[in-house]
Amino acid sequence: MRRRSSPDRILRIAVIGLLLYGLGLIPLYLLTPAREILAALRGASAALVDERAFLSRTPGAAPGAGARPAGGAAATPRADQTPAAVPTAAAGDERYAVLLMGYGGAGHDGAYLTDSLMVVIVDPAHLTLTLLSIPRDSWVPLLFDGQTPVYNKINTAYAFAKDPTLYPDRLPRYTGAQGPGNFAMDTVARVLGIPIRYYVALDFQGFREMIDAVGGIDVAVPDSFTARYPKNDDPAIDASWTVVRFTRGTEHMDGERALEYARARETLDNPSEGTDFARSRRQRQILEAFKERLLQPGGLIHLPQLMGIAAQHVDTNYTIPDVAHLGQLILGWRNVTIFQTALTSANYLEEATGPDGAYLLVPSAPDQSWRQIRAFARHLWADPAVGVEMASTAVVVENDTDVAGLAARASAALLALGYRVGEPRSGPVRAHSRVVDQTGGAPHLVQQVARDLGLTQAEVVDPSDDGSGTILVQLGEDAAGLTFAVPEDAEAPASRVGVIKAGVWPYVPPTPTPPPAPRRVGRPLPPTATPTPRPEGAPRVSRATPTPTAADGLVSVPDLIGLPEAAAQQLITASGLQTSYVNYQTIADVPDRRYFLSIPPGHVLSQTPAPGMRVPRGTRVLIAVRKE
């Protein structure tokens, strides 16, 4: 029998639980992305492109040639299609969602970039919370006026709405104290296709103070790593870097140390810990550790202090109850079941190169449509156990009939329903269909696949895990006449506008081969001078730290090719430029195998902009490094 409770009480338990979870959602505020957005807002970058100008401009033209939004912001990608309405819950559906955000806060460079975002689906009837992490670099449409999409990273929604001089023709709902939260909430709801009722946002200082208020937390570090870390969030105060180290094992962390653990990005010795997805994992660890600390005996005595901190550092559209009631609700929170998953480049997203070489994440569908992700989110809404398994499991359809194209049609239907689908294949003819679970533990998804394909009589086989991590659907002769009904999703947006190249970052356009120089007939060519070799150990001139001239304020990009990653990062900073994401590449990622093998592991393979280019101080330099 379904367990039921007072909807109002469950709602309060869930939202207060989410508020406490929000303490772990520290803003993964990273210097480079923050500075990029500030540059865009100041008009120094054309990272946002008007769609019509973008589609019609000539190669090499600066993106963003066109109208600029109010407030001096750079031009933004616009689309003419009819925008999707904000999703609303069906009548009688008690479920709802909350958007959790983390940001730097006043006094920080890029203060309101929400570099930590998580949607939490609350099901009062089943006492479940489902957490879905969303990468900050997701490239999405923003609809300030409710009709005209402009495109940017999802972490800019709250920040842009916070500035009333930007997009003044916005809807009334996106103005006032709760305007930024409402706008971020609706932006996420539109791309996911699920209703979001509340938002909770927490800043840096609040995170530090709350961790310290409970006496710190105990975190099990799964893997050792060392990373470069900014000495100050504001480079105008101190642009230098320090090094932080974490060793595998349990560590007791205060607020500052926990913040370093969650923010560390510029790894020096463990590339796997340098991704956004690794930081999301660390974020969830801190979240769990804080919850455990608070629910320990005596933990609730810290509530008055925590509430005082929250009053200064939390922005939400939900009314928080008094301390005494809050303590009762937290104790009730013990009985809630929590599911966790994330949108990553391992399931529904892929890397892409955006305007000015920006690092983006877009849907991996061929047209960068959010249709598949929205279908996945609907499964997560309806049944979190199915949704979580769906995000981590691929389904392969095998045609074991004489009907040509049956597996391809079934695969296309599953893709539209939100499944991750492998290449369809053919097998020996069989009479009866069956579903083979090769995951070692995805029972809910196996049953759902069979239902969605209409294989109600299919045999379900559960062999031992074969290591493939897939579900194999073998369509037999009893499935030869199946038709696959897939609901349309005409409101699903796409993230094509402004994308220079999907599936690749950084993308460096091929350099055209110059035509051969004309030769004069009948006259000898002048002798070619033999170049003088560079003395052993002598530095390249282009690697010297450039000095901007008073005339143009530009610096020359240093030559980083072949340098160790740490040395390259130091030279970038010393040159007055900005470090950025590092793309770690294997031999499979580089067309020229001989060149790849000529560069030692851990050294720079390529860079953008090219060495010797004159660029404004503060320009971001992208590097690709040979993976160890």
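Further up the page is the structure itself.
Residues numbered from 1 in each chain as written. Predicted model: local features only at pLDDT ≥ 70, side-chain atom pairs only at ≥ 80, totals over all residues. Heavy atoms only, no water.

J.: Would you take a moment to explain the overall build of the chain for this structure?
T.: In terms of helices and strands, the chain carries 16 helices and 27 strands. Contacts spanning at least 24 positions in sequence make up 74% of the contacts within the chain whose residues lie at least 6 apart. Only carbon and sulfur atoms are counted for the fraction: they give 54% of the accessible area of the chain, which is about 27,300 Å². (Helix = DSSP H or I, 4+ residues; strand = E, 2+ residues; numbered from the N terminus. Contact = heavy atoms within 4.5 Å. Areas by Shrake-Rupley, 256 points an atom, 1.4 Å probe, with all protein chains shown as cover.)

J.: Quick question: what am I supposed to make of the pattern of salt bridges here?
T.: Should the charged atoms of two oppositely charged side chains come close, the side chains can pair. Under the counting rule described, the total for this entry stands at 14 salt bridges. Where Glu256 meets Arg208, a salt bridge forms, and the shortest distance between an N and an O atom there is 2.6 Å. Of this pair, Glu256 sits in helix H7 (residues 255-263) while Arg208 sits in helix H6 (residues 204-213); the two residues are 48 residues apart in sequence, bridging distant segments of the chain. Overall, the relative accessible area of 31% leaves Glu256 in the partly exposed class. Residue class for Arg208 comes out buried when judged on its relative accessible area of 14%. In this structure, Arg228 and Glu266 form a salt bridge, with 3.5 Å as the shortest nitrogen-oxygen distance. On the criterion of sequence distance, the pair formed by Arg228 in strand S8 (residues 225-230) and Glu266 in strand S11 (residues 266-267) is long-range, its members being 38 residues apart. Counted as one network, the salt bridges with shared partners bring together Arg136, Asp137 and Lys153. (Salt bridge = Lys/Arg side-chain N within 4 Å of Asp/Glu carboxyl O. Buried < 20%, exposed > 50% of the residue type's maximum accessible area, 1.4 Å probe, protein only.)

J.: What is the right way to look at the environment of Ile196 in this model?
T.: Examined against the element boundaries, Ile196 turns out to sit in the loop between helix H5 (179-192) and strand S6 (198-203). If sequence neighbours within four positions are ignored, Ile196 has contacts with Ala97, Val98, Leu99, Val119, Met185, Val188 and Ala189.

J.: How should I be thinking about the packing of helix H11 (residues 371-382) against helix H12 (residues 384-392) in this particular structure?
T.: Packed helix pairs are specified by the crossing angle of their axes together with the interaxial distance, meaning the distance between the axes. Contact geometry for H11 and H12: axes closest at 5 Å, N-to-C directions at 145 degrees. Where H11 approaches H12, its residues Phe376, His379, Leu380 and Ala382 are matched on the opposing element by Pro384, Val386, Gly387, Val388, Met390 and Ala391. (Axes fitted to C-alpha atoms, helices over the stretch in contact; angles between N-to-C directions.)

J.: Sorry if this is basic, but what is going on with the sheet that holds strand S14 (residues 349-353) here?
T.: Sheet strands line up and pair through hydrogen bonds in the backbone, either parallel or antiparallel. Pairing in this open sheet of three strands is antiparallel, and the strands run S15-S14-S22 from one edge to the other. The open sheet has two edge strands with one neighbour each: strand S15 (359-363) and strand S22 (501-502). For S14 and S22, the ladder comprises two bridges, and the chain directions are antiparallel. Each bridged residue has a counterpart across the sheet, and for Ala352 the counterpart in S22 is Ala502. (Pairing = 2+ DSSP bridges.)

J.: I tried to follow the packing of aromatic side chains on my own but got confused; where do I start?
T.: Describing an aromatic ring pair means giving the distance of the ring centres and the angle of the ring planes. For the coordinates displayed, the defined rule picks out 12 aromatic pairs. Between Tyr112 and Tyr158 the ring centres are 6.4 Å apart and the planes differ by 50 degrees, which places this aromatic pair in the tilted class. Placement of Tyr112 in the loop between strand S1 (96-103) and strand S2 (116-123) and of Tyr158 in helix H4 (residues 157-162) is noted, with a sequence separation of 46 residues between them. Exposure remark for Tyr112: the relative accessible area of 26% places this residue in the partly exposed category. The ring of Tyr261 carries Arg282 above its face, with NZ or CZ at 5.8 Å from the centroid. (Phe/Tyr/Trp six-rings, centres within 6.5 Å; stacked < 30°, edge-to-face > 60°. Lys NZ or Arg CZ within 6 Å of the ring centre and 35° of its normal.)

J.: Sorry if this is basic, but what is going on with the pairing of strand S21 (residues 470-475) here?
T.: Along a regular strand, successive side chains alternate from one face of the sheet to the other. Extensive coverage of S21 is indicated by the burial of six of its six residues. Summarising the sheet, strand S16 (residues 394-399) and S21 pair through six bridges and their orientation is parallel. Among the inter-strand pairings, Asn399 is bridged to a residue of S21, identified as Leu475. Bridging between strand S19 (residues 434-437) and S21 involves four bridges; their strand directions are antiparallel. Residue Val436 lies in a different strand from S21, and its bridge partner there is Leu472.

J.: Looking at this structure, I do not really get the sheet that holds strand S25 (residues 604-608). What am I missing?
T.: Taken in spatial order, the three strands of this open sheet run S24-S27-S25, and their pairing is mixed. A strand with exactly one partner marks an edge of an open sheet, and here the two such strands are strand S24 (582-585) and S25. Going from strand to strand, the sheet's axes swing by 20 degrees on average, the running direction of each strand aside.

J.: It is not clear to me how unusual backbone geometry should be interpreted in this structure. Could you clarify?
T.: Negative phi characterises most residues that are not glycine, and trans characterises most peptide bonds. Cis geometry is adopted by the peptide bond preceding Pro506, which originates at Trp505 and carries an omega value of -10 degrees. Residue placement: Pro506 occurs in the loop between S22 and strand S23 (554-556). For the peptide bond that leads from Thr608 to Pro609, omega is 5 degrees, which places it in the cis range. The topology assignment puts Pro609 in the loop between S25 and strand S26 (614-616). Non-glycine residue Asp356 carries a positive phi angle of around 60 degrees. Relative to the helices and strands, Asp356 resides in the loop between S14 and S15. Assessed through its relative accessible area of 48%, Asp356 is described here as partly exposed. Unlike most non-glycine residues, Gln368 shows phi in positive territory, near 55 degrees. Note that Gln368 resides in the loop between S15 and H11.

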